[in-house]
Amino acid sequence: MPVSLTKRPGVASQAAVTYLCGMPSAAPLAPRVERVLAAAVAAIRPRGHGFDHPIDDAVMEKVRTFFPYLPPPLRRAFPLGLRLLEFSPMVVLRRATRFTSLAPDDARRVLERLWDVGGPFGALVLGLRTLVFLAFYQHPDVLRTMEVDWAGRAAELTRRRAALLGS
Amino acid sequence: MSEPQPPEHRLAYPNVVDGGTLDGRRPLSADAVVVGTGAGGAVAAARLRDAGLDVLMIEEGALERTETFVTDPATMIQRLYRDAGTSMILGRHPIIFAEGRCVGGSTVINGGMTWRPPERVLDHWERGLGLDGTGARAMDGYFAEAERILHAEPNHEDTFGQNTHLFLQGAAALGWPVARAPRNMRRCVGLNNCALGCPTGAKQTMLVTEVPRALAAGASLLTHARVDRVRWQGSRAVGVTGRLLAPDGRPRGRFEVRADLVVLAAGARHTPGILKRSRLFARQIGAGLHTHPNAKCVGIFDQRFDPWVGTHQAFHIHHFLDDGILIGYAAVPPGLIAAALPGLGPANAEKMALYNHMLTAATLVDDETEGRVRLGPDLQPFMWQTLGKGDIERLHRGVALTAELLFAAGAREVLLPFSDLHAIRNPGEIRRIHERPRDRGTIELMTVHIMGTARMAKNASGGATDATGAIFGTTGLVIADASAIPTSLGVNPQETIVALTLRNADRWIEARGRRRETHHAQA
């Protein structure tokens, strides 16, 4: 060990600590947490203005695919945050009801309030909307509505470049 | 008959072992082990292999081949980005940070900008910091070599979309000169998928240049392998240890590499993380973090112009570079730009209905405030930077200039990155940006450039590495990534990382030659 650089030799034992990070939980979300997630998706997903596609299940599925890739602290915090979100109407709306029992418009109001407040719950809403929007707006049906054909252009331009390079 | 394929779709990757298929304890050895395969690691590996060393590259991510790239952001973010793009630099204004985790590193997901740093920056390194041979003149040959490796060229005009024309129109109306951006491309066709991996193969990332070249020359590559720490013999680095990862990221085995030379190129966050886990506690390790925070503005235009058609960042505005402000533009896929727009449900839908009318521009700020990389309780490195007053002012000025450009290009509304000032509707309202209270709300910031966390310096009180990128007080341990960059650059760092690595690698090879001669003489 290069002692000349060590300001805290006592911390050497730190290196002996087993390096446990990066272990994704492949376990699916608990059914209760799934229900909260579904309610959040229904509240966050775009509506109106030509965005009324019935694709909530596909959005849920896409959102789920992200969980194993999140860093370990987020992987643990996300389901916990969703569990707590279930009880948030009692604080935010002062109503003895659960998040999953709310109509999407009311659920959206709860999420907007939490987002405004910031902190861990604001971060939860921010993370959820990022995942939901990513899954929703990149759905093939939505892209078709928006007349965005990135994939078609990729295929066409890959062929074009091969031709330009004389491959 | 099969369709013609670009050359990058037919590349060979010999000598690659997928660590995800191995378990148990794997002892390995090489003359040099290179941790990371991005702009620094891949170049270092190829250079060392050219010098005749037996080189082993270690990469935490997977070998994702060009021909498998698609345009779906969710899929590619999961495959190519660390933590699925959720990394964050903590501080008063948190900064979203994205970096690659795949063979080729962040070169696979960057915008392909290939700028030399301003001469004033290089001259400061040489004269102000006393780093001999880092001035503009001394580095010229290395930058030229970097541009050859990166295949720097400007975009062809047939790749310009309406977004490019609007950006140019705005700059011209204001009398701001534009800089035509050199990018690491070989005949870009303007797909604009750079940040999600270029399916056409045009972007000349390390995945399609130095990595396959090093492999073809006899280097080896172990993928799905994460380095935990450096192994020591006294103050001499003698290798690394780490874990083999299953495709789902779970550790499944261990590896140990014995090597005379350890090259860390894991990026400006994870390189200091490895150093700290390796019991190096010098204060300078992890200090000096610069982040080039970016703030975006979205201009909404009356006319539809399909911003996703045509290349991005064919031009930058460097007119304000001496003030620490760079302005560029990009087309962002709907799923990603939506998250940057206000509102949930119908409110967001209302904005997104105008997607084909949106020009996204951004300001990049040359930050003065230094942040730090620390180890968390889980021994993972995290970043902290609280931007100082000067940087906050610079960000506001950059946002105001960007909004001015968008209005000059014809925008009827500009969406802003402030939580308490979402939009302005005419140039007269730009003053609201300047008047905005600095202590209220947050600024939505992101970056893909971090640097300086094991910076080169004349002595150990000024940085973690010497003028060759070697860690002070050790032998056999060198840095080859943005960590070694001595100061903030003010421009995209890719070319600087390559040029500095080329420069430093020559010095490592010379030093190795001298050691061997001494050893033979003693024998």
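From N to C terminus, chain A includes 8 helices and 0 strands. Secondary structure of chain A in N-to-C order comes out as α-α-α-α-α-α-α-α. The 167 residues of chain A split such that 34% are buried. By sequence separation, contacts in chain A at least 24 residues apart represent 57% of the contacts at least 6 residues apart.

Here we take up the overall build of chain B. Assigned secondary structure in chain B consists of 12 helices and 23 strands. Taking 523 residues into account, the globule formula puts the C-alpha radius of gyration at 24 Å, and chain B, at 23 Å, falls close to it. With the C-alpha coordinates of chain B rotated into their principal frame, the extents come out at 80 × 60 × 45 Å. A burial count over chain B gives 59% of its 523 residues as buried. Of the contacts made within chain B by residues no fewer than 6 positions apart, 73% connect residues no fewer than 24 positions apart.

Among the nonpolar cores identified, the biggest contains 208 residues, and Val33(B), Val34(B), Val35(B), Val55(B) and Val263(B) are the most heavily contacted of them. In terms of residues, this core owes the most to one element, helix H6 (residues 119–137) of chain A, which gives 11 residues. Per-domain counts for this core show at least three residues from each of domain 1 (14–63 + 102–151 + 204–285 + 451–523) and domain 2 (82–96 + 153–197 + 291–370 + 383–449) of chain B. Setting aside residues no more than four positions away along its own chain, Val34(B) makes contact with Gly41(B), Ala44(B), Ala45(B), Val55(B), Met57(B), Ile58(B), Val263(B) and Ala265(B).

With that settled, the discussion passes to the interface of chain B and chain A. Contact with chain B, which involves 56 residues of that partner, is made by 63 residues of chain A. At the level of elements, helix H2 (73–80), strand S10 (225–233), helix H8 (334–340) and helix H9 (345–352) of chain B are the ones that each hand at least two residues to the side of chain B that touches chain A. For the side of chain B that touches chain A, the leading source of residues is H9(B), giving 6 residues. In terms of residue class, the side of chain B that touches chain A is made up of 28 nonpolar, 15 polar and 13 charged.

What follows is about the packing of helix H1 (residues 31–44) of chain A against helix H5 (residues 104–117) of chain A. Residues and elements named next belong to chain A. In the contact formed by H1 and H5, the axes pass within 8 Å of each other and the chain directions differ by 90°. In terms of orientation, H1 and H5 fall into the roughly perpendicular class. Across the interface between the two elements, Ala 39, Ala 40, Ala 42, Ala 43 and Ile 44 from H1 touch Pro 104, Ala 107, Arg 108 and Leu 111 from H5. When its residues are assigned to classes, the contact of H1 with H5 shows 8 nonpolar, no polar and 1 charged.

Turning to the domain arrangement of chain B, a few remarks are in order. Residue and element names in this part refer to chain B. For chain B, the assigned domains read domain 1 (14–63 + 102–151 + 204–285 + 451–523) and domain 2 (82–96 + 153–197 + 291–370 + 383–449). A C-alpha centroid distance of 31 Å is found between domain 1 and domain 2. At the junction of the two partners, domain 1 supplies 20 residues and domain 2 supplies 23 residues. When its residues are assigned to classes, the side of domain 1 that touches domain 2 shows 9 nonpolar, 10 polar and 1 charged.

Residue and element names in this part refer to chain B. In terms of burial, strand S20 (residues 413–418) is largely enclosed, as 6 of its 6 residues are buried. Strand direction decides the pairing type here: strand S14 (residues 294–300) and S20, joined by 3 bridges, are antiparallel. Bridged to Ile 300 within S20 is Glu 413. Linking S20 to strand S21 (residues 421–424), which pair antiparallel, is a turn of 2 residues.

Turning next to the pairing of strand S18 (residues 371–375) of chain B. Residues and elements named next belong to chain B. Bridge count between strand S13 (residues 287–289) and S18: 2 bridges; the pairing is antiparallel. Residue pairing for S18: Ala 287 is matched across the bridge by Arg 372. With antiparallel pairing between neighbouring strands as the criterion, S18 and strand S19 (residues 381–384) make up a hairpin whose turn holds 5 residues, including Leu 379 at a positive phi of roughly 65°.

Residue and element names in this part refer to chain B. Within the fold, Leu 150 resides in helix H4 (residues 136–150). Placed 35 residues apart in sequence, Leu 150 and Met 185 show a C-alpha to C-alpha distance of 7.4 Å. The contacts of Leu 150, once residues within four sequence positions are left out, are Thr 114, Asn 184, Gln 204, Glu 495 and Val 498.

So, about the environment of His9(B). Residues and elements named next belong to chain B. When you line up the elements, His 9 lands in the segment before strand S1 (16–18). It is 9.1 Å that separates the C-alpha atoms of His 9 and Val 208, two residues lying 199 residues apart in sequence. Apart from residues lying up to four places away in sequence, His 9 is in contact with Thr 66, Glu 67 and Gly 201.

On to the confidence of the model for chain B. Averaged over chain B, the pLDDT score is 96; the fraction of residues at 70 or greater is 100%. Quick note on the complex model: pTM equals 0.93, ipTM equals 0.92.

Attention now goes to the environment of Gln204(B). Residues and elements named next belong to chain B. With respect to the helices and strands, the residue Gln 204 is situated in the loop between strand S8 (182–184) and helix H6 (210–216). By C-beta crowding, Gln 204 is classed as buried, having 24 other C-beta atoms within 10 Å. Sequence-distant contacts of Gln 204, that is, excluding residues within four places in its chain, are made with Leu 150, His 151, Asn 184, Met 185, Arg 186 and Thr 209.

A separate point is the confidence of the model for chain A. Regions with low pLDDT carry predicted coordinates that are not meant to be interpreted in detail. Mean pLDDT for chain A: 85, with 84% of residues reaching 70 or above. Note on residues 1–25 of chain A: pLDDT under 50 across the span, and 45 contacts to partners over four residues away in sequence or across chains.

Okay, the packing of H1(A) against H6(A) next. Packed helix pairs are specified by the crossing angle of their axes together with the interaxial distance, meaning the distance between the axes. All names here are of chain A. Close contact between H1 and H6 brings their axes to 10 Å; oriented N to C, the two are set at 70°. Accordingly, the angle class assigned to the pair H1 and H6 is roughly perpendicular. When H1 is examined against H6, the residues Ala 40, Val 41 and Ile 44 are found in contact with a partner set consisting of Leu 128, Arg 129 and Val 132. By residue class, the composition of the contact of H1 with H6 is 5 nonpolar, no polar and 1 charged.

Glancing now at H2(B). Of all 8 residues in H2(B), 6 are buried; the element is thus mostly enclosed. Within H2(B) the residues assigned to the buried category are Pro73(B), Ala74(B), Met76(B), Ile77(B), Arg79(B) and Leu80(B). Looking at the packing, one finds that the buried side of H2(B) touches helix H2 (56–66) and H6 of chain A together with H8 of chain B.

Cut-off values and rules
Residues numbered from 1 in each chain as written. Chains lettered and ligands numbered in written order. Predicted model: local features only at pLDDT ≥ 70, side-chain atom pairs only at ≥ 80, totals over all residues. Helix = DSSP H or I, 4+ residues; strand = E, 2+ residues; numbered from the N terminus. Buried ≥ 20, exposed ≤ 12 C-beta atoms within 10 Å, placed from the backbone. Contact = placed C-beta atoms within 7 Å. Rg over C-alpha atoms; globule rule 2.2 N^0.38 Å. Core = buried A, V, L, I, M, F, W, Y, C linked by C-beta atoms within 7 Å. Domains from an automatic or database assignment. Nonpolar A, V, L, I, M, F, W, Y, C, P; charged D, E, K, R; others polar. Axes fitted to C-alpha atoms, helices over the stretch in contact; angles between N-to-C directions. Parallel < 35°, antiparallel > 145°, perpendicular 65-115°, else oblique. Pairing = 2+ DSSP bridges. pLDDT = per-residue confidence, 0-100.

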